[in-house]
Amino acid sequence: MSSSGAAGQSSKPAKAGPSQPSETSTKRKRGMFQKDLQHMMYGFGDDPNPIPESVALVEDIVVEYVTDMVHKAQDIGSKRGKISVEDFLYLIRKDMPKLNRCTELLSMQEELKQARKAFDVDEDKLASLE
C-alpha cells in the first residue's frame, strides 16, 4: 500500500465562498516554518530534532488553521471592506485561552509602541540640546 500520492490531498470538497482562493493560488513553499516549528515542538516536549514528517504535518495543520481563520475574518470584514484585528478577536471569542493571550499580546504591543515613541521623543530632545 503506497501513500505517496494521497498524502497531501483531501477527500473533502472545496468550500465555495467569496474569500476562497483558487486551487492554483494555494500552492505554497513547504518548509517555510520548519525551524520555528521545530523549536516550538521541542518547547512542548518533543525531541530537539523531531522527525521531518512530524514537522511537515504540524506545518500543514498550522497553515490550514491560519488560512481558514483569515478566510473567515475576510468574510466578516468584507461587509466593511477591510479586515481588522477585531474580526480575529470575534472569531476566537469563545476560546478564552486564545482570546486572553491575544488581548495580552495586543496590550503588550501597545505598551511597546508607547515606549518606543517616548524613547524617540527623548532622543530627539537630547539631539537638539547638543
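If you're wondering where the values come from, they're calculated on a predicted model, not measured in any experiment. (Residues numbered from 1 in each chain as written. Predicted model: local features only at pLDDT ≥ 70, side-chain atom pairs only at ≥ 80, totals over all residues. Heavy atoms only, no water.)

### Let's talk about the overall build of the chain
Step number 1: The number of helices and strands found in the chain is four helices and zero strands.
Step number 2: If you list the helices and strands of the chain from N to C, you get α-α-α-α.
Step number 3: Evaluated residue by residue, the chain yields a buried proportion of 13% over its 130 residues.
Step number 4: The contacts of the chain with a sequence gap of at least 6 include a subset with a gap of at least 24, amounting to 35%. (Helix = DSSP H or I, 4+ residues; strand = E, 2+ residues; numbered from the N terminus. Buried < 20%, exposed > 50% of the residue type's maximum accessible area, 1.4 Å probe, protein only. Contact = heavy atoms within 4.5 Å.)

### Considering the packing of aromatic side chains
Step number 1: Summed over the entire model, instances satisfying the criterion amount to zero aromatic pairs.
Step number 2: A cation sits over an aromatic face here: R93 above Y90, 4.0 Å from the ring centre. (Phe/Tyr/Trp six-rings, centres within 6.5 Å; stacked < 30°, edge-to-face > 60°. Lys NZ or Arg CZ within 6 Å of the ring centre and 35° of its normal.)

### Some words on helix α2 (residues 52–77)
Step number 1: The end-to-end C-alpha separation of α2 is 37 Å, in line with the 38 Å expected for 26 residues at 1.5 Å each.
Step number 2: Those residues of α2 lying buried are V55, E59, V63, M69, H71, A73 and G77.
Step number 3: On the buried face of α2, the contacting elements are α1 (34–43) and α3 (85–91). (Expected span 1.5 Å × (residues − 1).)

### Some thoughts on the environment of T67
Step number 1: Within the fold, T67 resides in helix α2.
Step number 2: A distance of 2.6 Å separates a polar atom in the side chain of T67 from the backbone oxygen of V63. (Polar contact = N/O pair within 3.5 Å; in protein donor to acceptor, adjacent residues only side chain to side chain.)

### Regarding the layout of surface pockets
Step number 1: In this model, the second largest pocket occupies a volume close to 280 Å³.
Step number 2: Elements that contribute at least two residues to the lining of the second largest pocket include exactly α2, α3 and α4 (96–129).
Step number 3: The greatest single-element share of the lining of the second largest pocket, amounting to four residues, is contributed by α2.
Step number 4: Its residues placed into classes, the lining of the second largest pocket shows nine nonpolar, no polar and two charged. (1 Å grid on protein atoms, 1.4 Å probe; cavity = no way out; pocket = protein on both sides within 12 Å on 5 of 7 lines; lining within 4 Å. Points joined across faces, edges and corners; volume = space filled by probe spheres on them. Nonpolar A, V, L, I, M, F, W, Y, C, P; charged D, E, K, R; others polar.)

### Section: the environment of P52
Step number 1: Relative to the elements of secondary structure, P52 occurs in helix α2.
Step number 2: Separated by 21 residues in the primary sequence, P52 and G31 place their C-alpha atoms 9.6 Å from one another.

### What to know about the packing of α1 against α2
Step number 1: Contact geometry for α1 and α2: axes closest at 10 Å, N-to-C directions at 105°. Between α1 and α2, the angle falls in the class roughly perpendicular. Contacts between α1 and α2 pair Q34, L37, Q38 and M41 from the former with S54, V55, V58, E59 and V62 from the latter.
Step number 2: Here the contact of α1 with α2 is built from residues that sort into five nonpolar, three polar and one charged. (Axes fitted to C-alpha atoms, helices over the stretch in contact; angles between N-to-C directions. Parallel < 35°, antiparallel > 145°, perpendicular 65-115°, else oblique.)

### Some words on the pattern of salt bridges
Step number 1: All told, the structure shown has six salt bridges when counted by the stated rule.
Step number 2: D68 is the partner of K72 in a salt bridge, and the nearest nitrogen-oxygen pair spans 3.3 Å. Here the residue K72 and the residue D68 both occupy positions in helix α2, the gap between them amounting to four residues, near one helical turn.
Step number 3: Taking relative accessible area as the criterion, K72 reaches 38% and is therefore assigned partly exposed.
Step number 4: Between D87 and R80 there is a salt bridge, and its shortest N-O distance comes to 2.8 Å.
Step number 5: With a relative accessible area of 3%, D87 lands in the buried category. (Salt bridge = Lys/Arg side-chain N within 4 Å of Asp/Glu carboxyl O.)

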